[in-house]
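Each chain, written out:
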Amino acid sequence: MNKQEEFNQTSNSEKVYNIINLGPTHPATHGIFQNILKMDGEIIMEAEPTVGYIHRAFEKLAEHRPYNQVTPITDRLNYCSSPINNMGWHMTVEKLIGCEVPKRAQYMRVIIMELSRISDHVICTTIIGQDTGATTGFLYFFQMREKIYEIFEEICGARLTTNIGRIGGMERDFNETVWKKLDIFLKEFPEFLSEFQRLIERNRIFMDRTIDCGPISAEKALAYGFTGPNLRAAGVDYDVRVAMPYSSYEDFEFKIPIGQNGDTYDRFMVRIEEMWESISIIKQAIEKMPEGPIHADVPEFYLPDKEDVYSKMEALIYHFKIVMGETDVPKGEVYHSVEGGNGELGFYLVSDGGRTPFRLHFRRPCFIYYQAYPEMIVNGLLSDAILTLSSLNVIAGELDA
Amino acid sequence: MQDVQVLISGIPLNNYIYICAALFGIGALGVMIRRNAIVLFMCIELMLNAVNLLLVAFSSYLGDNSGQVFVFFIMAVAAAEVAVGLAILIMVYRNAQTSDTEVLNQLKW
Amino acid sequence: MDPLLIKAIIVLIIFAITLLVATYSTWGERKVAAFLQDRVGPNRAGPGGLLQPLADAVKMFMKEEIIPSVSNKWLFILGPCISMLTALMTGVVIPWGGDITLGGQTFNLQIVDLNIGILYLFGVVSLGVYGIMIGGWASNNKYSLLGAIRASSQMISYEIAMGLAIIALVMTTGTLSLKEIVQQQDAGFANIVYQPLGFVIFLICAFAETNRAPFDLPECETELIGGYHTEYSSMKLGFFLFAEYINMFISSAVIVSFYFGGYNFPFQHELGLEGNWLTIVQTIVFFMKVLGFVFFFFWVRWTLPRFRYDQLMNLGWKVLLPLALVNIFITGLTMWFLGKI
Amino acid sequence: MVSNEMTLQLKEKVENLINAKFPNALISTSLEYDFPVFELDKSQFLEVMTFLKNDSQANFGFLTTLCGLHFPENGDKEFGMMYQLHNLNSNERIRIKVFMPKEDMKINSLTQLWPTANWMERQEYDFFGFKFIGHPNLVRILNMDEMNYFPMRKEYPLEDGSRDDKNDKMFGR
Amino acid sequence: MSTIDIKPENKPEGLEGAGFFATSLEKVVGLARANSLWPLPFATSCCGIEFMATMASHYDLSRFGSERLSFSPRQADLLMVMGTISKKLAPVLRQVYEQMAEPKWVLSMGACASSGGIFDTYSVLQGIDRVIPVDVYIPGCPPRPEQVLDGILKIQELSKSEGLRMRNSPEYKAKLALYGIE
Amino acid sequence: MSISQYIFWFLSFVALISALMVVFSKSPVYSVLSLIMTFFAIAGHYLLLSAQFLAAVHIIVYAGAIMVLFLYVIMMLNLNKEAEPHKKPYIQIISFVAIGLLMVTLIGTLKEAEAIAPSNIANNVGGIGTVEQLGKVLFNQFLLPFEISSILFLSAMVGAVYLSKKNLQ
Amino acid sequence: MLTNRSKQVVKREMTWFEKAYFPAILSGLSITIKHFFMKKATVKYPEVKREFAPVYRGQHVLKRDESGAERCTACGLCAVACPAEAITMTANERKKGEENLYREEKYASVYEINMLRCIFCGLCEEACPKEAIFLTDRIVPSTFERDEFIYGKDKLVEPIDQRVDVSKRQTPAVLEFKKDKHFKHNKTYLDKMLGKAKKH
C-alpha cells in the first residue's frame, strides 16, 4: 500500500524540469537581463524574465535637470545610437517652444542620425554573427564603426555618448575634415557591408541557425508594441520616418525593407538592407545640402556666440538665462517620436513653464518589445533563445531606463 | 603462437574460472540486491563480461578462434540490449519520474 | 646503447614535441585569429608574443585552485586528467618519420607499431569523452552539465561516421597498422587520391571529435559560458584547454598519415638523400604538413558560424553516416571492378 | 507632420464617436500641439478603450505608450494616466487621459486588449503605485522588490543620499 | 617575461640564500600574470560598447595577452566592471567577485561604475568600491579605448609589483575584511 | 612467479574490486566508473590471452560506447540525487546465500577444465586472435549468424528510436 | 501595407549547391585568408597614438589670460550647468596686489572637478562666459585611488610657463592669444634660445 502511494505521488507530481538561470552575467545577454528558463533537455518550456538590473531612474532624473542638461541623459538611453536620442530630444523641445530649424541643420541632423542608425545596426548584425560563432565578421565590421566614431568625434568631440547638437540647431557647422571623412566612409562602407554579407549571409550554417528562430507574427508583434526593424521583419512597414516625417525626412527617397516571418534571419536581413538605405539617404542629404544658418533664431534657447557674450550685454544676459535655465518655456505637453535604432523612440514631455521638465516619459522601444521575448523563445532550443535575444537588439540602457 | 604459451603458461585455466565465477556472482548479487534499474543494467553487463572473459580464456587455451567470435556476438547482443534497455528506461523515467524497480514493478503507470 | 633506453628517449622527445606544439598552438591560434581579423595579436610577451603561452602557463599554475564545495572532489580532478591522458596517448602509434640509425642500431621514429594501430587510435579517442563528461558532471553546474551532455552525444555520433570512413580506407590499404599505411603511400599515390570522399568525412569528424568550431558546442562561449569547463580554474582548466590543442595536433597528424602520405613527399628518392638525412627531411615535411592542417583548423574556426545542437546531430546521422556508407560501397565496387578482391 | 486642420478633424471625429456610444464618458477634450487629447471618466475607461480599439471607424489598434502623471497640486486629479493610441492604417494618433485622486489609484488594466500594456503598467505601478485591476502580475519591475515607496512621486527625492563629493549649498541649489 | 630583468647592480635582498629563488620567482610570476590577464567583462551599459571597440581591430586588446574573455568568473584574473551598477545588481557583482580565483584584480571603467556618474539617483550604486575593492579606476563616460588600455597597463604594473604572497598579506586581508569578504 | 602471473593477479584484483564497487557504491556515477575500470581490467586479460583485436574492440564497444551511453543517461535524467533505499535485509541475506551457492556450483562444474592447458595447442596454424584469423572464421563459419546479428542491430535501433520518441501516444 | 515604399528583403530558398555547405564555406574561407595578408588596422597604442579630433572633449583646463592671470571669476555657471554636479568651487574676493594673478575681482579659491563623476559632455565649457574653462584633447589618466580624481586647481589651471593646450574648441580669441609670442608660455625652445642670444 505504501509503495502504491509513493508511486502515485511520483507519477502525479509535476514533471521535473531543469531550471537554468540565463543571466544576469551570461555572456550572451550582453547587457544585463536575467531569464529563468525551465528546460526539458535543451528545449525551453517556460521563460521568466527579470529586468531592472541597470535601472537608473532616467525619468526622475530628467525632472531635476534643465532642458539642455537632459541631452547627456538621453545619450545613455540607447547608447549604440545616442545621436538619434539627442536629436529626438532636441526636436521635442523645439516642438514645445515652436521653433523652426533651418534646412541645413535638419539635413545635418539627418546625416548624423543615419550614421548612428548604421552604427546601431552594425552592432546588432555583428552580434548576431558573433552569437552564431562567426566572430570574425564582428571584427571586420567594427572597423566601420570606428570610422563613424571618428566622424562623430570630429563633429562634437566624443565617440559614443555624443551630446551632439543643441536645442534649436547644431552647435557648429561640419568642418572640412568631417566632409572628407564622410566621403571616405561612403566609399569604404559598401565594400565592407557586402563583404560582411558574403561572409555569412548565404552560409548554410548561418541560415539554418537563424531561419525560423524566434519568429513572431505581424499580429503578435503589433499587439506587443513592436516598432522599428523588429516589426518590419514581421512584415509591417511602419517607419516613423515615413509615417510622421521629422527633420525633412520627406525630402529623401528611400525604401522600407520588410521581412516575412519575423524570424532572426528576417531581422538580420532587414537591418542589413536598412544600412544600404541609410547610405543612400546620407548620399542624398550630402547632395542636397543647402546653404544657410545652422541654428534657428531662438536667442532664448540657443546659446549666443562666445564673442558676443564677451562683448554684448544682451547676449550675456541670454547666456546666463539659458545656462541657469531661467528661460520661459511654454506650458503644455508634447510628444515627439523619432525612428531610433530599435524603433519608435518617443519623448512625452509635460512642461509647467519651469526650469526643468515637469514630467518626461520616454517611450523606449526595447522595454516595450522585450516583454515578447519569453513567448518568442518558448519551445525553442537554448541556442535559439540566445540568437533571438541578440537579433532583437535589446539594449539594456534603454530597457531599464 | 609461441607468445601465448609463454604468456599464460604459468596460469592454470582454473584461475580464470574462479575469476569469472566471482565476477558473474558479483553481477548476479547486484541484480538481486540493487533497486536502481540503471545499476541493474550494469550488473547484467558485468555478468555478460564474465562469460566473455571465460570464452576468450577457453579459446586461447584451446587455440580455437570460434570462442572469440562468439564473444563478438555477445558484444553485439549486449550493445543492442543496452540501446533498447536504456531507451525503455528513459521512457519509463519520463512517465514515472523514477528508476526504482520496486516502484516500477507494476507494468502500468 | 640499450635499445630500450633509446626507445624511452624517443618517447620522451615525441611527448615533448607534442606538448611544445600544443603550447605553441595556443600562441599560433591567437596570432592566426588576430591576423585573420586585421589585428596583430599578442606581441608584448617576448618578441612577437612568443612567450605568451609561457605566461599563460605560469599564471595558470600559480592561480588559486577552486573546487566548488558542492562538487565531487575526486571526479572534479579526474576529469581534466583523463582528458589530458587520452590526448597524449593517441600520439603513440603515429609514425613521425622513417628509420634512424644510431650507433649501428636502427630505430623507428614510431613509438609502437601496433598491428591494430587504427583500432587503438579509435579506442583511445572514444575514451576522450570521459574527461569532458566527468568534468562537466562533477562541476555541479547546469551549464557544465549541458556541455557534457552535448559533448558525449556529439562525440559518439561522429565516431560512427569516422569509423566508417576509416573502414573504407582500410579496405583499400588492407591493413590496420599506421606504419604500413604510410609506407604504402610511398610506393603509390597518397590515399586522398583513392579516398577523397572518405577524407572529407574524416576531416569533418575530426573537427567534431576535437570540439573545434563549427562543432564547438560543448564549450560554446555565447551559450554555455565555458561549457564543461565553466567551473574550472588554474591548471585544471589548463589541462582541458591543452588537451584540445593536443587533440587538434594529433588529429592533424592522423589525417596526414592516413590521407596525405604521412612523412612521404613526392620525389623523395630522387633527391639523393640517404639514411638519417632522408628521415630528418621526411620528419620535417611531416611536421609541415601537420602544421598546415593545424592552421586549417584555426582558419575554419575563425571563419564559420557554429551549428545548433539538432543540426549537428542531423549532419552526423543523416548526412555523414549515409555518405560514409556510400563511400564504403563505392570503394568496394571499384575494388571489385579492378579485381583487387 | 499632421497639419492642424487634420488634427482638428480627427479630434472632432473621435469626439463624436465616443459621445455617440458613451455619452457620459468624455470629461474634456483639448488639442495639445499635434495631438487631440481626450480626458475620460475612469468608470467607463475600459469600455471606451475597447471600443476605440475594435470599432471599425476608430480602429486605434496600436498602443504606442502609456505613462503615469503626478500633479501634487491638482486635488482630486492628483494622479493621472496617459495613453497614446495609434491608428496605423490612417496614421492617426490620439492621447487619452484619466485622472484619479490619491486615495483611489485603481484603474482597469489594458493587458487584455494589448499584451504590450503588461510591462508598461507594471512600470507605472513601480513608479507611482497605480493599481491596475485585472493585471496578471502586478509586481515591481525595475526597482527592487524590497523598495517600500514609489520613487516617481514628486514628494520623494531623486538623490541616493550617499554621495559625499557634492556641495549642495552652492549657488542656491 | 624573462628573468633577465634582474640586473646585478640592483640585486634584491635575498640574492644569497633561499630568498633569491623566491624573489626571482616572484618576478617571473608577476610578469607572467601581467601578460596573461584574462578579463571578465562585466559590461552593463555604454562602456561595454567601448570595450568592444577596445577588443576590436583598431585597439586590439590581444596585444597585451588579454583577448581571451572568460565569462566564467573562475577563470578570470581581471574583473572589468563597465557601466552602471544599480543597487539591484550590486549583490550579483559581489558574488561574481567572490567566485573569482586569486589573484584577482578589479578595474572600474567609466564614471558610472566608479562613482555613479551623472546617475546620482535612488537606484544606482554610487561607485562599486562600496561593495568590492577596486584596483584601478578609469575616468570618462565612456572612457576612450586608449584610457582602457592605460588602465590595463596600470593593472599590469600592479600585478608585476605584487609578490606571490601579496594576497596572503595581512594588508590585503584587512582590505578584503573592510568589504566583509573572508 | 613469472611476470605474466603478476599481471594476471593484478588485473584480477582490479577487476574484482571494481566489480564489487559497481554493486556497492551508492552513486550510480561511481558504479559506471567502476564498471569502466572492470572493463579495462578485462581488456587487460584479453591482451594477456593475446586476443589483441578483441581487447581493442572491447574497449571501443564497452568503454567507448556503452558506458558513455550509461553515463549520458544518468546525467540526462540526473539520477544521482540520493542513494536509493536498499532492499530489505532478509532479501539481501537470501541473495548472498544464493550467490554463494551459485558460485560453488559454477566452480564445481567448471573445475574439470583444468585439464586443458595451453600446451595442448597442437593443430593451430598461425596466431589466434589476429584480425585475419578472426575475420576468416567470422566470414566463413559464422557468416549467417553475423548477418542475423545485423538484423538484430537494425531492430534494436528501430526500437530505441521509437521508444525514445517524445509523444508515444 | 501602410506605405508604398516597402521592399521585401531577400530570403531565397537555398539552392542545392548552397545546401551542400561548401560554396559558402569556401567563399568565407577565401575572404578571411584575404584579410590574413592585408594591412592590419591596429594602432599599437602606447607607442603609436591615434589622432584625436581637435575638438575632442577630454580633460579640462582653466585658462589664464594674456598676462597670466586666471580668467575664472567664480561665477558658478559651470557648476550649475554640470549635469553630473561634478564641479564645486569656493569664491573669494581678490585682494590688493593680486591683480596679476586673477583677472576679475572675484576668483575661485577652490575649484574642484571630480573626474570620476564628470561625463565630459562639454556643457561647462559652453556655459562659461569668461572663456576660462575648456575641454582639451588630453585624456584623464587612470589611477589606483579614488581620491586622486578630485582635480583641484593645481591640476586644472594651466601652468604659467608651459605651452597650453591647443584645441579647436577654444574660440578664435583664445587661439590668437595662444599664438602671441609675447607671453612666456607661448615661447618655444627656439624662441628662448633666440632671446638668450639677443641678450648676449
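Here the structure is a predicted model, which is why all the values come from computation and not from measurement.

J.: Explain the overall build of chain G residue by residue, including any values.
T.: Along the backbone of chain G there are seven helices and six strands. A burial count over chain G gives 55% of its 200 residues as buried. Partitioning the intrachain contacts of chain G with sequence separation of at least 6 by distance along the chain shows that 69% fall at a separation of at least 24.

J.: Describe in detail the packing of helix α1 (residues 3-36) of chain C against helix α10 (residues 234-259) of chain C, supporting the description with residues and values.
T.: Residues and elements named next belong to chain C. Two elements in contact, α1 and α10, have axes whose closest approach is 9 Å; the angle formed by their N-to-C orientations is 105 degrees. Looking at the two axes, α1 sits roughly perpendicular to α10. The segment α1 lies against α10, with Thr18, Leu19, Val21, Ala22, Thr23, Ser25, Thr26 and Glu29 engaging Phe242, Tyr245, Ile246, Phe249 and Ile250. Class assignment for the residues of the contact of α1 with α10 results in eight nonpolar, four polar and one charged.

J.: Account for the interface of chain E and chain G, with residues named and values stated.
T.: With 34 residues of chain E in contact, the opposing surface of chain G contributes 27 residues. Where chain E meets chain G, there are one salt bridge. For arginine 146 of chain G, the salt bridge identified is with aspartate 129 of chain E, shortest N-O distance 2.7 Å. Elements with a contribution of two residues or more to the side of chain E that touches chain G: α4 (110-115), β4 (136-138) and α5 (145-161) of chain E.

J.: Can you tell me about the sheet that holds strand β1 (residues 26-32) of chain D, naming the residues and giving the values?
T.: Residues and elements named next belong to chain D. Strand order in the open sheet made by the five strands is β1-β2-β5-β4-β3, with mixed pairing throughout. Looking at which strands have only one partner, the edges of the open sheet turn out to be β1 and β3 (62-70). On average, each strand axis in the sheet is inclined to that of its neighbour by 20 degrees, with strand direction left out of account. As judged from the four bridges shared by strand β2 (residues 35-40) and strand β5 (residues 92-100), these two strands associate in the parallel manner. Bridge pairing in β5 places valine 37 opposite arginine 95. Across the sheet, helix α3 (residues 117-128) touches β3 and β4 (79-87), and the angle it forms with β3 is around 5 degrees.

J.: Describe in detail unusual backbone geometry, supporting the description with residues and values.
T.: For the peptide bond that leads from cysteine 141 of chain E to proline 142 of chain E, omega is -10 degrees, which places it in the cis range. Looking at the element boundaries, proline 142 of chain E is found in the loop between β4 and α5. A positive phi angle is found at asparagine 91 of chain D, which is not glycine, with a value near 55 degrees. Relative to the elements of secondary structure, asparagine 91 of chain D occurs in the loop between β4 and β5.

J.: Describe the nonpolar core, naming the residues involved and giving the relevant values.
T.: Of all hydrophobic cores here, the largest spans 287 residues; its most connected members are Leu52 and Tyr83 of chain D, Leu79 of chain E together with Tyr111 of chain G. Sort the elements by how many residues they give to this core and helix α5 (residues 103-132) of chain A lands first, with 14 residues. If we ignore the near neighbours within four places in the chain, the residues touching leucine 52 of chain D are Val14, Ile18, Ala58, Asn59, Phe60, Leu85, Ile94 and Ile96 of chain D.

J.: Account for the environment of tyrosine 259 of chain C, naming residues and giving values.
T.: Residue and element names in this part refer to chain C. Among the structural elements, tyrosine 259 can be located in helix α10. Residue classification places tyrosine 259 among the buried positions, given a relative accessible area of 0%. Put simply, tyrosine 259 and phenylalanine 189 are 70 residues apart on the chain and 9.6 Å apart in space, counted from C-alpha to C-alpha. Sequence-distant contacts of tyrosine 259, defined by excluding residues within four places in its chain, comprise Ala165, Leu169, Gln185, Ala190, Asn191, Ile192, Gln195, Gly198, Phe199 and Phe202.

J.: How would you summarise the side chain of serine 34 of chain F if you had to cite specific residues and measurements?
T.: If you trace the backbone, serine 34 of chain F turns up in helix α2 (residues 28-48). If near-sequence neighbours (up to four positions away) are discounted, serine 34 of chain F is found in contact with Ser18, Met21 and Val22 of chain F.

J.: Any chance you could break down the confidence of the model for chain E for me, citing the residues and the numbers?
T.: All names here are of chain E. Counting all residues, the mean pLDDT for chain E is 78, and 84% of those residues have values of 70 or more. Taking the mean pLDDT of every element in chain E, the minimum, 70, falls on helix α1 (residues 18-34) and the maximum, 90, on β4. Below a pLDDT of 50 lies the segment residues 1-21, which in the model reaches 18 contacts outside its immediate sequence neighbourhood of four places, other chains included.

J.: Could you give me a rundown of the confidence of the model for chain G, with the residues and numbers involved?
T.: All names here are of chain G. When pLDDT is averaged across chain G, the result is 76; 78% of the residues are at 70 or more. For residues 184-188, every residue scores under 50 in pLDDT, and the model assigns this stretch 20 contacts once sequence neighbours within four places are set aside. Model confidence for the complex: the whole-complex pTM is 0.87, and ipTM, which rates the interface, is 0.85.

J.: An account of the sheet that holds strand β3 (residues 43-50) of chain A is requested, with residue identities and associated values reported.
T.: Residue and element names in this part refer to chain A. Overall, antiparallel pairing links the three strands, which are arranged β1-β2-β3 in an open sheet. Two strands lie at the open edges of the sheet, namely β1 (18-22) and β3, each paired on one side alone. Strand-to-strand, the axes of this sheet are offset by a mean angle of 20 degrees, without reference to chain direction. For β1 and strand β2 (residues 34-40), the ladder comprises five bridges, and the chain directions are antiparallel. Its bridge partner being in β2, leucine 22 is matched across the sheet by asparagine 35.

J.: Break down the pattern of salt bridges for me, with residues and values.
T.: Residue and element names in this part refer to chain A. Going through the model one piece at a time under the given rule, you end up with 56 salt bridges over all chains. With a closest N to O distance of 2.7 Å, glutamate 94 and arginine 109 form a salt bridge. One end of the pair, glutamate 94, is in helix α4 (residues 82-97); the other, arginine 109, is in helix α5, and 15 residues separate them in sequence. Overall, arginine 109 belongs to the buried group, its relative accessible area being 1%.

J.: Describe the packing of helix α11 (residues 275-301) of chain C against helix α2 (residues 22-36) of chain G, with residues and values.
T.: Interaxial distance between α11 of chain C and α2 of chain G falls to 10 Å at its minimum, and their mutual angle equals 105 degrees. By the angle between their axes, α11 of chain C is roughly perpendicular relative to α2 of chain G. Of the residues in α2 of chain G, those in contact with Phe295, Phe296, Trp299 and Val300 of chain C of α11 of chain C are Leu29, Thr32, Ile33 and Phe36 of chain G.

Scoring rules and cut-offs
- All residue numbers refer to position in the chain's written sequence, counted from 1.
- Each chain is given a letter, starting from A, and each ligand a number, starting from 1, according to the order in which they appear as written.
- It should be noted that, the model being predicted, local features are given only for residues of pLDDT at least 70 and side-chain atom pairs only at 80 or more, the latter also being counted only at that level, while totals for whole chains, interfaces and linings use all residues.
- Hydrogens and waters are ignored; side-chain quantities use all the structure's heavy atoms.
- A run of H or I in DSSP counts as a helix once it spans at least four residues, and a run of E counts as a strand once it spans at least two, with each numbered from the N terminus.
- A simple rule labels every residue: compare its accessible area, found with a 1.4 Å probe on the protein chains alone, to the largest value its type can have, and call it buried under 20%, exposed over 50%, or partly exposed in between.
- For this analysis, residues touch if any pair of their heavy atoms sits within 4.5 Å.
- Structural elements are reduced to axes, namely lines fitted to C-alpha atoms, with helices fitted over the stretch in contact, and the angle between N-to-C directions of any two is expressed from 0 to 180 degrees.
- By the definition adopted for this analysis, an angle is roughly parallel if under 35 degrees, roughly antiparallel if over 145, roughly perpendicular if from 65 to 115, and oblique otherwise.
- Residue polarity follows a fixed list, in which Ala, Val, Leu, Ile, Met, Phe, Trp, Tyr, Cys and Pro are nonpolar, Asp, Glu, Lys and Arg are charged, and the others, Gly among them, are polar.
- We count a salt bridge whenever a side-chain nitrogen from Lys or Arg sits within 4 Å of a carboxyl oxygen from Asp or Glu.
- Paired strands, in this sense, are two strands between which DSSP finds at least two bridges.
- Buried Ala, Val, Leu, Ile, Met, Phe, Trp, Tyr and Cys residues that are joined via side-chain atoms within 4.5 Å together make up what is termed a nonpolar core.
- A score from 0 to 100, pLDDT tells how confident the predictor is in each residue.

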